[in-house]
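Secondary and tertiary structure notes
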Amino acid sequence: MTRIILCLTVLAAASLAGCASTTPVAGGPTVPTGKCNAEGARWAIGSAVNDDVVNRILQGTGSRDARVLRPGQMATMDFREDRVNVDVNDRGAITGIRCG
């Protein structure tokens, strides 16, 4: 009987641990707010697109998702406030940064 109670107690504690909130550590990685602000990535216009640049754009805009759009590429027209669109020309240079 004691063993069952102990197992149930451990199971309940483990289940509740997932609900606990944590406080962000100062100086730790920036957590995306989810709302895009394209002004934070205007520096990237003219740069060659690559994974590092796209990751920096995500950080700078606060977006959760990035979409690189090449000339003629089909894309959905839905607006998502947590997404940044990176427009690229035929040579792979970034020509625009916009939210959506």
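Note: the structure precedes this text.
None of these values were measured; they are calculated from a predicted model. (Residues numbered from 1 in each chain as written. Predicted model: local features only at pLDDT ≥ 70, side-chain atom pairs only at ≥ 80, totals over all residues. Heavy atoms only, no water.)

**Quick notes on the side chain of N85**
To be explicit about the condition: Counting from the N terminus, the helices are the DSSP runs of H or I reaching at least four residues and the strands are the DSSP runs of E reaching at least two. Burial classes: relative accessible area under 20% of the type maximum marks a residue as buried, over 50% as exposed, and values in between as partly exposed (1.4 Å probe, protein chains only). Pairing of N or O atoms within 3.5 Å defines a polar contact, subject to two protein rules: one partner must be a possible hydrogen donor and the other a possible acceptor, and residues neighboring in sequence count only if both atoms are side-chain atoms. In what follows, a contact means two residues having at least one pair of non-hydrogen atoms within 4.5 Å.
Within the secondary structure, N85 sits in strand β2 (residues 83–88). The exposure class of N85 is buried, given its relative accessible area of 1%. A distance of 2.8 Å separates a polar atom in the side chain of N85 from a polar atom in the side chain of R67. If sequence neighbours within four positions are ignored, N85 has contacts with R67, L69, G96, I97, R98, C99 and G100.

**A look at the sheet that holds β2**
To keep it simple, the criterion reads: A pair of strands is treated as paired once DSSP finds two or more bridges between them. Axis definition: a line fitted to C-alpha atoms, over the contacting stretch in the case of helices. Angles run 0 to 180 degrees between N-to-C directions.
With respect to topology, three strands assemble into an open sheet ordered β1-β2-β3, the strand pairing being mixed. Edge strands, defined here as strands with exactly one partner in the open sheet, are β1 (65–69) and β3 (94–99). Pairs of neighbouring strands in the sheet enclose a mean axial angle of 20°, with direction left out of account. For β1 and β2, the ladder comprises five bridges, and the chain directions are parallel. Note that in β2 the partner of V68 across the bridge is V86.

**Things to note about the nonpolar core**
Basically, it comes down to this: To qualify as a nonpolar core, a set must consist of buried Ala, Val, Leu, Ile, Met, Phe, Trp, Tyr and Cys residues joined through side-chain atoms within 4.5 Å.
Judged by nonpolar contacts, the single largest core of 14 residues is most densely connected at A44, I57, V84, V86, I94 and I97. In terms of residue count, helix α2 (residues 51–61) provides more of this core than any other element does, four residues in total. Leaving out residues up to four positions away in the same chain, V86 has contacts with I57, R67, V68, L69, I94, G96 and I97.

**Observations regarding the state of the cysteines**
The condition that has to hold: For the purposes of this analysis, a disulfide is any pair of cysteine sulfur atoms at a distance within 2.5 Å.
Evaluated as defined, the whole model comprises one disulfide. Note on cysteine connectivity: C36 is disulfide-linked to C99, with sulfurs 2.0 Å apart. Every disulfide takes its handedness from the sign of the S-S torsion; for C36 and C99 that torsion is -75°, giving left-handed. Taken together, the positions of C36 in the loop between α1 (2–17) and α2 and C99 in strand β3 put the pair 63 residues apart, joining distant regions of the chain. Since its relative accessible area comes to 25%, C99 is described here as partly exposed.

**Some details on the environment of I57**
Position of I57 among the secondary structure elements: in helix α2. Residues I57 and G40 lie 17 residues apart in sequence; the distance between their C-alpha atoms is 7.5 Å.

**Some words on the pattern of salt bridges**
Selection rule: What counts as a salt bridge is simple: a side-chain nitrogen of Lys or Arg found within 4 Å of a carboxyl oxygen of Asp or Glu.
Inspection of every chain in the model, using the stated rule, returns five salt bridges. One salt bridge in this structure joins R80 and D65, with 3.4 Å as the shortest N-O distance. One end of the pair, R80, is in the loop between β1 and β2; the other, D65, is in strand β1, and 15 residues separate them in sequence. Here R80 falls in the partly exposed class, since its relative accessible area comes to 28%. D65 sits in the partly exposed class, given a relative accessible area of 28%. Its salt-bridge partner being R80, residue D82 comes within 3.1 Å of it at the nearest N-O pair. The exposure class assigned to D82 is buried, which follows from its relative accessible area of 18%.

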